[in-house]
Amino acid sequence: MWRISCISAVCFVSSLCSEFVTASQDTIGPNGINSAGLGLDGSGVVIGQVEAFRPGKPMFDDIVNCCNADVKPTGVFFRDQPMSASKNQAVDDDHAEAVAGVMISTNTGSIGPEGTAPRGVAIAASLNSSAYDAVPTDQATAAITTQALANIPNMRVINMSFGMDFSGGISTLDGSSLLSQFVDWSAQNSVNDVLYVVAGNEASHAGPIPTDNYNGLTVAMSGKASDGKFRQVSTDNVYSQDPSNRPLTDLVAPGFLLDVAGVNGTFLNAVSDPPNIGTSYAAPHVTGTIAILDQYAGAQGLADAVHHQAMKAILMNSADKLAGVLGMDRDVLNPDGTKWHAAIDYPLDAKMGAGELDAKRAVQQLGAGEFHFNQASVPAVGWDYNVTDGESQVWRTHWGLLARSEGMF
Amino acid sequence: MSTRIISVRGRLSLACMLLIAASGCGGGGTKPATPVRNSSETKVEVESKPAESGPLVTDQESGGPIGDQPPKDDAGAIEIPLGQIWALHMPGTKNIIELDPDGDYNGLTSLPGDERIKRWKNSLLRQISEALTPDVSPDWPREGQQSGPGFVVAGNGIVSLREANAVMFDKKKPRTSFSASTEVTAVFFSYMGGGPLQIMHVTRDGSNIVVAYRFIMPLNKGPVLDFALIPLGRLMPGKYQVEIRQLPMGQEMLDRTYGAYNADERQRSRAKVSGLRFVCHSFSFDVTKENND
C-alpha cells in the first residue's frame, strides 16, 4: 500500500551539527551510534517500553532498590492499568532500569565498568513503561499491555526487550504467533501507527517471540572491534530458529559490554545478573534514535516521516556497512570477522540485517526531505511515503490475513 | 534479577537450618560435610549429625570451611552443603564476591574513577568472566559446539579462586592429580548464555561426586554466566569421577508461574541442549598418596 524509497548517497546537512550535546558514553558517540552532537534529545516525543517488569519511577515508587535518579520515566503502568494503581508493582531491579537508561538516562558523571558515563540516546523523550508480569507463554497479556501503551496519544515507538516462548500450538518463527501478529497489526493500523523495536534472539533460552515480526525492527547486538568502535556483530546473537531460516535481524546496535545503569546508581557489569550484555540494550539504542528522528521530523515539518514504515526504511537504509561508501564510517564485521558483502546493495544479511545503526546518517537521510517518485527531478538523497499499486498488493493481503486470523478486525 | 531468586532446597533447607544452630552448617562454619541417606535427584534427606570424620582444619587464608581428613568410603553419601559453596548468583550459596571484593564494581564507588576501573579490570572474577563470555573468549561454545569439562584445583577459598583464575584466564593447564594431603576444590562453570542456573545439591559417595544443577528460566532476554567453587576437602587416594548432572525444572517454578515451561517438552529439550552447550561437563581427577604438589 505504501511506498517507501530511500536512495543512499553522501549528504551533508549543516544544520544538524549546530549544537553539540556533551555525551561521554561510547555507544552514543562516534564509536557508537553517532547520536551525540546532533542537537537532538527526543524532546516532545512519546516513546514506550514493555517488559516482564518495569523500571522504577523516582518519587513515585518507594521500595528499596526501585529506582535510579538518572532514569525518570514519565509514566509507569502495570499491564493496561495506569500508574496510579501500579505503585511499586512489578518493579524490576535492574534489567528494565538498564533498558530505560539506554533511552533516557541523564547521567553525566558517574563512570561505569567500561569507563564511560551512560547517557541516554533521547534524554528528553517522554518514556512510558509497562510491565506485563505474566508467564512467558502468555502472549495475550503481553499484547494487551503493549496495546495500552500504543493507545497513548502520539506514541511513536515501543521498545520490547523481552522474548516469549511459543504457545497455542505454534512452534515456528513464521510470524503466526499471537504477539508477533499483534506487533504487525498494531504497527500498521491507522490508530496506532507505532514502530516496534524488538530485541533479537540470543543464545540463552529466552523465548523468541516476537522477533519474527514483519512490521517492526528486530535488533541484534554488536560489540567493539579492535579499533574501539561498535561494529563487530556478537556471536551471542541467534539469527534464525526457524527451519525456513527466515532472517530475524533488521539492524545491529551496541549491546555488548556497555555501561548501563542499574538501580541506586549502580551499573550492570560482566559478573552481575543481568550482565551488561544483551540485545535488550541494543534495541533501546534504536528506540532512542527513533525518538530523536521524530523530534527532528517534527521540527522540520516532515509529517510523513513519523509513519512507522518511513522511519523503518530510513533507519535500515542509513545503517553502516562498509567504511567510505556513501558516507558510512565503519566496516561492520560478522562474528567471524568478515566484512559486509562486496555489493553494497545486498539487501539483508542474515547476521547483520541492514547493518549497524548510525543515527547521524539517519538524520541526514531524513533531513534530505520527501520527494514524490513521479516528480520530474528527484535528488540523490530523499524519501517518499506514498501509495503504489504494484508490490503493495502483497503487503495489503498479508496484513489482512494476519489481522483476520487473530480476529483483530 | 531478584525475581529469579527462588528457594529450592525444601527439606534440605530445613534440615540444614537445624544444623546451623547445632553445628554451623550452611553458615560458612567449619563443620564437616553432612552425610545423606538418599542422594536421589528429588529427595535428599539429611541426618542431624555430622559425618564420621577426623578433626577439622581451618583454612588460614580464607577462614572458610575446608575438608576433613578423608572420609571413610563406607560412610555413605556425603552432602556438601550449598552453604559451603562459593558461587555467583546462586541461592543458598556463599557469595563469591566476598572472596574478591574488587569483583563487585558497584562496591568500589568510594574510589576515584581510574582506580575503580583498574581494580575492577584486575579482579579475579572479572577476569574469569572473560573466559566465559562470547566474543572475548575463544572457548565460548558456538552453536553446535559443547562446553569443556569442569576441573579441580588445589586449595580452598581465595586460594582456589586464584587457581581457577590461572586456569580460566591465564590458560594454565588444569591439574588432574593431587596429593591426599591437599585440599581440593571443584570448579563448576557455565558460559554466558546458558544460565541462569543454580546448583541444587552436591554429593559424594566414595569416589563418585555429583554436582546437580538446574536452569531457572529468565523472563527477560539477557545472558548470564555462572561460576562456583565447590570445596571437596582432602580426599583418599583414588580416581574420582565428578558428574555434572542437569535436573529438570521443579515444582517451585510452577509455583512461581513458570508452569508453562515445565510442562513444555520443547522447553525441556532446549534446556537440555543448553546444558550440553554451555555448562561444564563431567570430569575426573586422581588423588595419590605421594606429595605431587
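The structure presented is a predicted model; accordingly, all values stated were derived computationally and were not measured.

Asks: Help me understand the overall build of chain B, please; the structure alone is not making it clear to me.
Replies: For chain B, the helix and strand inventory stands at six helices and 13 strands. For chain B, the residues scored as buried account for 50% of the 293 residues in total. Long-range pairs, those at least 24 residues apart, make up 72% of the contacts in chain B between residues at least 6 apart in sequence.

Asks: Honestly, the sheet that holds strand 6 (residues 151-154) of chain B in this entry has me stumped. Any pointers?
Replies: Across a sheet, strands are paired by hydrogen bonds formed along the backbone, either parallel or antiparallel in direction. Residues and elements named next belong to chain B. The mixed open sheet is built from five strands, whose spatial order is 5-4-11-8-6. Each having just a single partner strand, strand 5 (94-95) and strand 6 make up the two edges of the open sheet. Two elements, strand 8 (residues 183-190) and strand 11 (residues 226-234), share eight bridges in a ladder whose sense is antiparallel. In the strand pairing of strand 11, valine 187 is matched with leucine 229. Across the sheet, helix 4 (residues 157-168) lies against strand 6, strand 8 and strand 11, angled at about 130° from strand 6, the strand it touches most.

Asks: It is not clear to me how the confidence of the model for chain B should be interpreted in this structure. Could you clarify?
Replies: Residues shown with low pLDDT carry predicted positions that ought not to be read at fine detail. All names here are of chain B. Mean pLDDT over chain B: 74, with 64% of residues reaching 70 or higher. Here residues 1-71 is modelled with pLDDT under 50, and outside its nearest four sequence neighbours on either side it reaches 155 contacts, counting other chains as well. Scoring of the predicted complex yields 0.84 for pTM and 0.85 for ipTM.

Asks: When you look at the environment of Ile96(B) in this model, what are you seeing that I'm missing?
Replies: Residue and element names in this part refer to chain B. Summarising the element assignment, isoleucine 96 is placed in the loop between strand 5 and helix 2 (113-121). C-alpha separation for the pair isoleucine 96 and glutamate 290, spaced 194 residues apart in sequence, amounts to 31 Å. Ignoring sequence-local partners within four residues, the contact set of isoleucine 96 consists of Trp86, Ala87, Leu88, Leu125, Phe227 and Leu229.

Asks: Could you clarify how one ought to interpret helix 3 (residues 178-188) of chain A in this entry?
Replies: Among the 11 residues that make up helix 3 of chain A, 11 are buried, leaving the element largely enclosed by the rest of the structure. Of the residues making up helix 3 of chain A, those classed as buried are Leu178(A), Leu179(A), Ser180(A), Gln181(A), Phe182(A), Val183(A), Asp184(A), Trp185(A), Ser186(A), Ala187(A) and Gln188(A).

Asks: Help me understand unusual backbone geometry in this model?
Replies: Note: most peptide bonds trans; most residues except glycine with negative phi. Residues Ile209(A) and Pro210(A) are joined by a peptide bond in cis, for which omega reads 10°. Along the polypeptide, Pro210(A) turns up in the loop between strand 7 (201-202) and strand 8 (217-224). The linkage connecting Asp273(A) with the following residue, Pro274(A), adopts the cis geometry, with an omega of 5°. Examined against the element boundaries, Pro274(A) turns out to sit in the loop between strand 11 (251-254) and helix 4 (279-300). Although it is not a glycine, Asn154(A) adopts a positive phi angle of roughly 65°. Tracing the chain through its elements places Asn154(A) in the loop between helix 2 (139-150) and strand 5 (155-160). With a phi angle near 60°, Lys171(B) is a residue other than glycine that sits in the positive phi range. On the basis of neighbour count, Lys171(B) is assigned to the exposed category, with 10 C-beta atoms found within 10 Å.

Asks: Explanation requested: helix 4 of chain B in the structure shown.
Replies: Residues lying three or four places apart along an α-helix face the same way, a consequence of the helix completing one turn every 3.6 residues. All names here are of chain B. For helix 4, built from 12 residues, the straight-helix expectation of 16 Å at 1.5 Å per residue is met to within 8% by its first-to-last C-alpha distance of 16 Å. Taken as a whole, helix 4 has its buried residues at Gly157, Ile158, Val159, Ser160, Leu161, Glu163, Ala164, Asn165 and Met168. Check the buried side of helix 4 and you find it contacts helix 3 (124-131), strand 6, strand 8 and strand 11.

Asks: How should I be thinking about the nonpolar core in this particular structure?
Replies: It is characteristic of soluble globular proteins that their nonpolar side chains tend to be buried jointly. Among the nonpolar cores identified, the biggest contains 174 residues, and Val219(A), Leu251(A) and Ile199(B) are the most heavily contacted of them. In terms of residue count, the dominant contributor to this core is helix 4 of chain A (10 residues). Aside from chain neighbours lying at most four places away, what touches Val219(A) is Val197(A), Val198(A), Ala199(A), Gly200(A), Asp250(A), Leu251(A), Ala253(A), Thr279(A), Ala282(A), Ala283(A) and Val286(A).

Asks: How should the confidence of the model for chain A be read in this particular structure?
Replies: Residues and elements named next belong to chain A. Confidence along chain A averages 85 in pLDDT terms, with 86% of residues attaining 70 or more. When pLDDT is averaged over each element of chain A, strand 5 comes out on top at 98 and helix 7 (residues 392-405) at the bottom at 35. Under a pLDDT of 50 for its full length, residues 1-24 has, in the predicted model, 66 contacts with residues more than four places off or in other chains. For residues 392-409, every residue scores under 50 in pLDDT, and the model assigns this stretch 18 contacts once sequence neighbours within four places are set aside.

Asks: Please explain the packing of helix 1 (residues 95-104) of chain A against helix 4 of chain A as it appears in this structure.
Replies: A packed helix pair is summarised by two numbers, namely the angle formed by the two axes and the spacing between the axes. Residues and elements named next belong to chain A. At a minimum axis separation of 8 Å, helix 1 and helix 4 run at an interaxial angle of 35°. The handedness of the crossing between helix 1 and helix 4 is right-handed. Between helix 1 and helix 4, the residues in contact are His95, Ala98, Val99, Val102 and Met103 and Ser280, Tyr281, Pro284, His285, Thr287 and Gly288, respectively. A per-class count over the contact of helix 1 with helix 4 returns six nonpolar, five polar and no charged.

Cut-offs applied
- Residues numbered from 1 in each chain as written.
- Chains lettered and ligands numbered in written order.
- Predicted model: local features only at pLDDT ≥ 70, side-chain atom pairs only at ≥ 80, totals over all residues.
- Helix = DSSP H or I, 4+ residues; strand = E, 2+ residues; numbered from the N terminus.
- Buried ≥ 20, exposed ≤ 12 C-beta atoms within 10 Å, placed from the backbone.
- Contact = placed C-beta atoms within 7 Å.
- Pairing = 2+ DSSP bridges.
- Axes fitted to C-alpha atoms, helices over the stretch in contact; angles between N-to-C directions.
- pLDDT = per-residue confidence, 0-100.
- Expected span 1.5 Å × (residues − 1).
- Core = buried A, V, L, I, M, F, W, Y, C linked by C-beta atoms within 7 Å.
- Left-handed = near helix turned anticlockwise from the far one by under 90°.
- Nonpolar A, V, L, I, M, F, W, Y, C, P; charged D, E, K, R; others polar.

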